[in-house]
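Spelled out from the first residue to the last, the chains are:
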Protein chains: 2
Amino acid sequence: MTEKSVRSPESTRERILDAALSVFSNKGYHDARLDEIVAESDTSKGSIYFHFPNKERLFLALVEKFADLVERRVREAIARQPSPMAKVEAALEACLEAFGRYRRPAKVMLVQATGLGTVFEEKRLEINERFARLIRIYLDEAVAAGEIEAVDTDVIAYAWLGSIYHLTIRWVYTGEPEPSRIVKTLVPMLLQSVNYTKGQKGR
Amino acid sequence: MTEKSVRSPESTRERILDAALSVFSNKGYHDARLDEIVAESDTSKGSIYFHFPNKERLFLALVEKFADLVERRVREAIARQPSPMAKVEAALEACLEAFGRYRRPAKVMLVQATGLGTVFEEKRLEINERFARLIRIYLDEAVAAGEIEAVDTDVIAYAWLGSIYHLTIRWVYTGEPEPSRIVKTLVPMLLQSVNYTKGQKGR
DNA sequence: ACGCCTAAACTGACCGGTCGGTCGATCCCG
DNA sequence: CGGGATCGACCGACCGGTCAGTTTAGGCGT
């Protein structure tokens, strides 16, 4: 029955991360109990502390893992496009798509990781900076290439991220509006905000 | 010497709220110790529990107080304007202005109130809804009046709030960019995002 | 004017449950 | 049989909340 034998350390680590994701996303960092993660992962306190130095790091591992995933998706999407503004558009879509596909990790990264101590806040700022830079680079290129007018691309990039985050958070909690609807309205709106109307103008 | 006598209950309550704002904004909800609020307010544990039923409610009192303040400012700004889009613009400016003026309350409301339990999350959703509705109403009127094209005003309103929140949060932590710079770039950008260019077009 | 009484306001020592983290025992693969 | 991996009973610091008691303000009868 209990097929507990023969479990690689790798799989144990994964099971812990899975359970942690589940518990953290439901309860939030502080209300998440290690004992609950133990139960859900079918491991033990000791095992968790063998693989992670403490609760904080376990949590950060989750955040980092998801941030890396999203960044990878975005970079791939960008690489596929030829022009700066096409890259920007693809980046926005990829980002929203990733958040939409993974509700729980999104919740952990965007919500649960907020309002905890200094350590967490620094990680958040770092991740935001990573994504913002990703967008800003091509926004700047688009300006240089004359695809859009000159603007404060630093502010724009953060504003865009804020829109994406906020709508995603709302969707995570209320289930509304659906990701597809968000993309449909938000992406054109953001492009419009820098006065960019690709090829065909809106109907 | 110690002019501790003659303190109205009102002033005590205020002192507790002041101290709580200071401690919560620096430490976040969970790392904030009641004992620290006691020390900073020069009162006592019992006094806090005389004025507030528990830590949670004390915190929520702060959040509500600030949300009410911002809402009041926004409503006043709106009342001063004649046309729908002028109201929308004024609302955005008033909102940013209020956040910019009160750094600590902004931090508490936008950051520290996040990722706590269900109770807090509901309060957040409620406040967001209040602000979003405030904007959406006049956005809808603007559409009806033909000032802007038809759009998904629900998504737009939340996206705008997200931009404002996110830039404010960043400013709260890094001191950059300055509120004035945010307003200067963000407001025109948001108006542009619904293809609205008031009277004079940008240079 | 004066002491008496009550209630509101306030104090701070103390309690007790909670939960992240520890550690010695145990398992089992190579 | 060595040591990486796992287990889970146990520890004890920590902190929100309690409560018995003290102080203050003012109403009231005489």
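Here the structure is a predicted model, which means the values were calculated and not measured. (Residues numbered from 1 in each chain as written. Chains lettered and ligands numbered in written order. Predicted model: local features only at pLDDT ≥ 70, side-chain atom pairs only at ≥ 80, totals over all residues. Heavy atoms only, no water.)

Right, let's talk about the packing of helix H8 (residues 153–174) of chain A against helix H8 (residues 153–174) of chain B for a bit. At a closest axis distance of 6 Å, the pairing of H8(A) and H8(B) adopts a crossing angle of 120°. Comparing their axes, H8(B) and H8(A) come out oblique. Seen from above, H8(A) lies across H8(B) with right-handed handedness. When H8(A) is examined against H8(B), the residues Asp154(A), Val155(A), Tyr158(A), Ala159(A), Leu161(A), Gly162(A), Ser163(A), Tyr165(A), His166(A), Leu167(A) and Arg170(A) are found in contact with a partner set consisting of Asp154(B), Val155(B), Tyr158(B), Ala159(B), Leu161(B), Gly162(B), Ser163(B), Tyr165(B), His166(B), Leu167(B) and Arg170(B). Class assignment for the residues of the contact of H8(A) with H8(B) results in 12 nonpolar, 6 polar and 4 charged. (Axes fitted to C-alpha atoms, helices over the stretch in contact; angles between N-to-C directions. Helix = DSSP H or I, 4+ residues; strand = E, 2+ residues; numbered from the N terminus. Parallel < 35°, antiparallel > 145°, perpendicular 65-115°, else oblique. Left-handed = near helix turned anticlockwise from the far one by under 90°. Contact = heavy atoms within 4.5 Å. Nonpolar A, V, L, I, M, F, W, Y, C, P; charged D, E, K, R; others polar.)

Residue and element names in this part refer to chain A. Note that Glu122 resides in helix H7 (residues 118–144). Judged by its relative accessible area of 52%, Glu122 is exposed. Sequence separation between Glu122 and Glu89 is 33 residues, and the spatial gap between their C-alpha atoms is 28 Å. (Buried < 20%, exposed > 50% of the residue type's maximum accessible area, 1.4 Å probe, protein only.)

Lining the immediate environment of DNA strand D, one finds 18 residues, of which Thr12(A), His51(A), Arg33(B), Lys45(B) and Tyr49(B) sit closest. Here DNA strand D approaches the protein such that, of its atoms within 4 Å, sugar and phosphate make up 65%. Take Ala32(B): an N or O atom from its main chain is 3.5 Å from a phosphate oxygen of DNA strand D. Contact distances for DNA strand D include 3.1 Å between a phosphate oxygen and a backbone N or O atom of Lys55(B). Only helix H1 (9–27) and helix H3 (45–51) of chain A together with helix H3 (45–51) of chain B provide two or more residues apiece to the surface near DNA strand D. Counting residues per element, the surface near DNA strand D draws most heavily on H3(A), at 5 residues. Of the residues in the surface near DNA strand D, the class split is 6 nonpolar, 7 polar and 5 charged. (Near = heavy atom within 4 Å. Polar contact = N/O pair within 3.5 Å; in protein donor to acceptor, adjacent residues only side chain to side chain.)

Right, let's get into the relation of the copies chain A and chain B. Copies of the same chain, two in number, are related to each other by a rotation about an axis and a translation along it. When chain A is fitted to chain B, the best match, at an RMSD of 0.1 Å, comes from turning it 180° and sliding it 0.0 Å along the axis. On the angle and the small slide along the axis, the relation comes out as a two-fold axis. Rotation axis and chain A: the residue whose C-alpha lies nearest the axis is Ser193(A), separated from it by 1.9 Å. Here 100% of the interface residues in chain A have copies in chain B that are interface residues too; the copies meet face to matching face. (Least-squares fit on C-alpha atoms with pLDDT ≥ 70 in both.)

Within the structure shown, the criterion is met by 35 salt bridges over all chains. The salt bridge partner of Arg33(B) is Asp31(B), with a shortest N-O separation of 3.8 Å. For Arg33(B), a relative accessible area of 45% translates into the label partly exposed. The exposure class assigned to Asp31(B) is partly exposed, which follows from its relative accessible area of 34%. Overlapping salt bridges, with partners in common, bring together Glu64(A), Asp68(A), Glu71(A), Arg75(A), Lys123(A), Glu126(A) and Arg130(A) in one network. (Salt bridge = Lys/Arg side-chain N within 4 Å of Asp/Glu carboxyl O.)

On to the interface of chain A and chain B, then. The partner chain B presents 35 residues to the 34 residues of chain A that form the contact. Both faces combined, the contact of chain A with chain B buries some 3400 Å², and carbon together with sulfur accounts for 63% of it. In this assembly, chain A and chain B are joined by 6 salt bridges. Remark: the boundary between chain A and chain B carries 12 residue pairs in polar contact (both at pLDDT 80 or more). Within the residue set of the side of chain A that touches chain B, elements represented by two or more residues are helix H6 (103–112), H7, H8 and helix H9 (179–193) of chain A. In terms of residue count, the dominant contributor to the side of chain A that touches chain B is H8(A) (15 residues). Residue composition of the side of chain A that touches chain B, by class: 14 nonpolar, 14 polar and 6 charged. (Buried area = accessible area lost by both parts, 1.4 Å probe.)

For the rest of this paragraph, the subject is the protein's contact with DNA strand C. Near DNA strand C there are 17 residues, and of these Arg33(A), Lys45(A), Tyr49(A), Thr12(B) and His51(B) occur at the shortest range. By atom count, sugar and phosphate contribute 69% of the portion of DNA strand C lying within 4 Å of the protein. Interatomic distance of 2.4 Å between a side-chain N/O atom of Tyr49(A) and a phosphate oxygen of DNA strand C. When contributions to the surface near DNA strand C are tallied by element, the ones reaching two or more residues are H3 of chain A together with helix H1 (9–27) and H3 of chain B. The dominant element in the surface near DNA strand C, judged by the number of residues it contributes, is H3(B), at 5 residues.

Let us look at the UniProt feature "DNA-binding region" (unreviewed entry) in chain A. UniProt marks residues 33–52 of chain A with the feature "DNA-binding region" (unreviewed entry), using the numbering shown here. Within residues 33–52 of chain A, the helical portion is 75% and the strand portion 0%, while the C-alpha atoms at the span's ends are 15 Å from each other. (UniProt positions renumbered as here; feature names shortened; annotations may be inferred.)

Residue and element names in this part refer to chain B. With 22 residues, H8 ought to run about 32 Å at 1.5 Å a step, and its terminal C-alpha atoms sit 31 Å apart, in line with that. The element H8 is largely enclosed, with a buried count of 20 among its 22 residues. Directly beyond the C-terminal end of H8, a positive phi value near 75° is found at Gly175. (Expected span 1.5 Å × (residues − 1).)

Residue and element names in this part refer to chain A. One can read the domain layout of chain A as domain 1 (11–53) and domain 2 (63–193). Relative placement of domain 1 and domain 2: their C-alpha centres are 28 Å apart. Listed as interface residues are 10 residues of domain 1 and, on the opposing side, 8 residues of domain 2. A combined buried area of about 730 Å² lies between domain 1 and domain 2, and 63% of that area is made up of carbon and sulfur atoms. Three residues, Leu21, Ser25 and Tyr29, lead the burial of domain 1 against domain 2; their summed loss comes to 59% of the area buried on that side. Counting the contacts that link domain 1 with domain 2 gives 1 salt bridge. (Domains from an automatic or database assignment.)

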